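# Residue-level structure breakdown
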Amino acid sequence: MTETTTAAAQDTLGRPAPGQRHVVAALFVDFGDKSRPPRARYECVPCNYASPIATGVNAVTAFVATAAHEHRITCINYQEAS
Ligand SMILES: [Zn+2]
(Lines give C-alpha, C1' and ligand atoms only; values in the text may rest on other atoms or scores of the structure.)
Protein backbone atom coordinates (compact mmCIF):
# COMPACT_ATOMS: atom_id res chain seq x y z
CA MET A 1 0.00 0.00 0.00
CA THR A 2 1.34 3.40 -0.94
CA GLU A 3 0.42 6.49 0.94
CA THR A 4 1.15 9.99 -0.24
CA THR A 5 1.56 12.59 2.43
CA THR A 6 1.63 16.28 1.74
CA ALA A 7 3.57 18.19 4.31
CA ALA A 8 1.72 21.31 5.33
CA ALA A 9 3.37 23.91 7.48
CA GLN A 10 1.32 25.30 10.29
CA ASP A 11 0.83 29.02 10.32
CA THR A 12 1.73 29.59 13.92
CA LEU A 13 4.40 32.23 13.55
CA GLY A 14 3.86 35.94 13.72
CA ARG A 15 1.42 35.77 16.57
CA PRO A 16 2.16 37.39 19.91
CA ALA A 17 2.72 35.04 22.78
CA PRO A 18 -0.20 34.84 25.22
CA GLY A 19 0.16 37.27 28.07
CA GLN A 20 2.46 39.55 26.14
CA ARG A 21 0.44 42.64 25.61
CA HIS A 22 3.19 45.02 24.71
CA VAL A 23 3.83 44.02 21.15
CA VAL A 24 6.20 46.34 19.41
CA ALA A 25 7.46 44.19 16.58
CA ALA A 26 6.07 41.35 14.54
CA LEU A 27 7.31 38.76 12.13
CA PHE A 28 4.73 37.88 9.52
CA VAL A 29 5.07 34.60 7.67
CA ASP A 30 2.86 33.43 4.84
CA PHE A 31 3.68 29.84 3.96
CA GLY A 32 1.91 30.08 0.62
CA ASP A 33 0.69 27.03 -1.25
CA LYS A 34 1.26 25.22 -4.53
CA SER A 35 0.64 28.35 -6.59
CA ARG A 36 2.15 30.92 -4.21
CA PRO A 37 5.67 30.97 -2.84
CA PRO A 38 6.15 31.52 0.88
CA ARG A 39 6.70 35.10 1.98
CA ALA A 40 7.81 36.81 5.15
CA ARG A 41 8.22 40.35 6.44
CA TYR A 42 9.13 42.04 9.67
CA GLU A 43 7.64 45.17 11.17
CA CYS A 44 8.67 47.24 14.15
CA VAL A 45 5.90 49.53 15.34
CA PRO A 46 7.70 52.14 17.48
CA CYS A 47 10.33 52.99 14.89
CA ASN A 48 7.98 52.54 11.95
CA TYR A 49 10.23 50.01 10.32
CA ALA A 50 8.92 47.61 7.68
CA SER A 51 11.32 45.20 6.12
CA PRO A 52 11.39 44.27 2.48
CA ILE A 53 9.32 41.14 1.80
CA ALA A 54 11.31 37.94 1.55
CA THR A 55 9.92 35.57 -1.08
CA GLY A 56 10.76 31.93 -1.66
CA VAL A 57 11.57 29.05 0.68
CA ASN A 58 15.26 29.79 1.09
CA ALA A 59 14.78 33.53 1.45
CA VAL A 60 12.00 33.11 4.00
CA THR A 61 13.99 30.58 6.02
CA ALA A 62 16.98 32.87 6.21
CA PHE A 63 14.81 35.89 6.88
CA VAL A 64 12.93 34.28 9.77
CA ALA A 65 16.21 33.26 11.34
CA THR A 66 17.78 36.69 11.21
CA ALA A 67 15.20 39.47 10.74
CA ALA A 68 14.43 40.25 14.37
CA HIS A 69 18.05 40.04 15.45
CA GLU A 70 19.29 42.19 12.60
CA HIS A 71 16.71 44.85 13.25
CA ARG A 72 17.52 44.99 16.95
CA ILE A 73 21.05 46.00 16.11
CA THR A 74 19.80 49.22 14.56
CA CYS A 75 16.44 49.73 16.27
CA ILE A 76 16.37 52.72 18.59
CA ASN A 77 13.81 50.96 20.78
CA TYR A 78 16.29 48.28 21.72
CA GLN A 79 19.05 50.68 22.57
CA GLU A 80 19.23 50.95 26.31
CA ALA A 81 19.40 54.46 27.66
CA SER A 82 22.67 55.01 29.40
ZN1 LIG B 1 12.62 49.03 15.46
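Now for a quick tour of the structure. Here the structure is a predicted model, which means the values were calculated and not measured.

## A closer look at the overall build of the chain
- Scanning the chain from terminus to terminus reveals one helix and four strands.
- Counting the 82 residues in the chain, one finds 11% classified as buried.
- For the chain, the proportion of contacts with a sequence separation of at least 24, taken over those separated by at least 6, is 28%.

## With respect to the pairing of strand S2 (residues 39-44)
- Residues of S2 alternate between two faces, with Ala40, Tyr42 and Cys44 buried on one and Arg39, Arg41 and Glu43 left unburied on the opposite face.
- Two elements, strand S1 (residues 25-30) and S2, share six bridges in a ladder whose sense is antiparallel. The residue bridging Ala25 from the neighbouring strand is Cys44, located in S2.
- Here S2 pairs with strand S4 (residues 54-55) via two bridges, running antiparallel.

## Some thoughts on the nonpolar core
- Counting seven residues, the largest nonpolar core is built from Val29, Ala40, Tyr42, Ala54, Val60, Phe63 and Ala67.
- At three residues, helix H1 (residues 57-74) tops the list of elements feeding residues into this core.
- Excluding anything up to four places from it in sequence, Ala54 contacts Arg39, Ala40, Arg41, Ala59, Val60 and Phe63.

## Focus on unusual backbone geometry
- For Asn48, which is not glycine, the phi dihedral falls at a positive 60°.
- Counting through the fold element by element, Asn48 comes out in the loop between S2 and strand S3 (49-50).
- In this structure Asn48 comes out as exposed when scored by C-beta crowding, with 7 C-beta atoms within 10 Å.

## Some points on the environment of Val64
- Tracing the sequence through the fold places Val64 in helix H1.
- Classification of Val64 as partly exposed rests on a count of 17 C-beta atoms within 10 Å.
- For Val64 and Ala40, which are 24 residues apart along the polypeptide, the C-alpha to C-alpha distance reads 7.3 Å.
- Apart from the residues lying within four places of it in its own chain, the contact partners of Val64 are Leu27, Val29 and Ala40.

## Quick look at the environment of Pro52
- The topology assignment puts Pro52 in the loop between S3 and S4.
- Sequence separation between Pro52 and Tyr42 is ten residues, and the spatial gap between their C-alpha atoms is 7.9 Å.

Quick notes on the rules
Residues numbered from 1 in each chain as written. Predicted model: local features only at pLDDT ≥ 70, side-chain atom pairs only at ≥ 80, totals over all residues. Helix = DSSP H or I, 4+ residues; strand = E, 2+ residues; numbered from the N terminus. Buried ≥ 20, exposed ≤ 12 C-beta atoms within 10 Å, placed from the backbone. Contact = placed C-beta atoms within 7 Å. Pairing = 2+ DSSP bridges. Core = buried A, V, L, I, M, F, W, Y, C linked by C-beta atoms within 7 Å.

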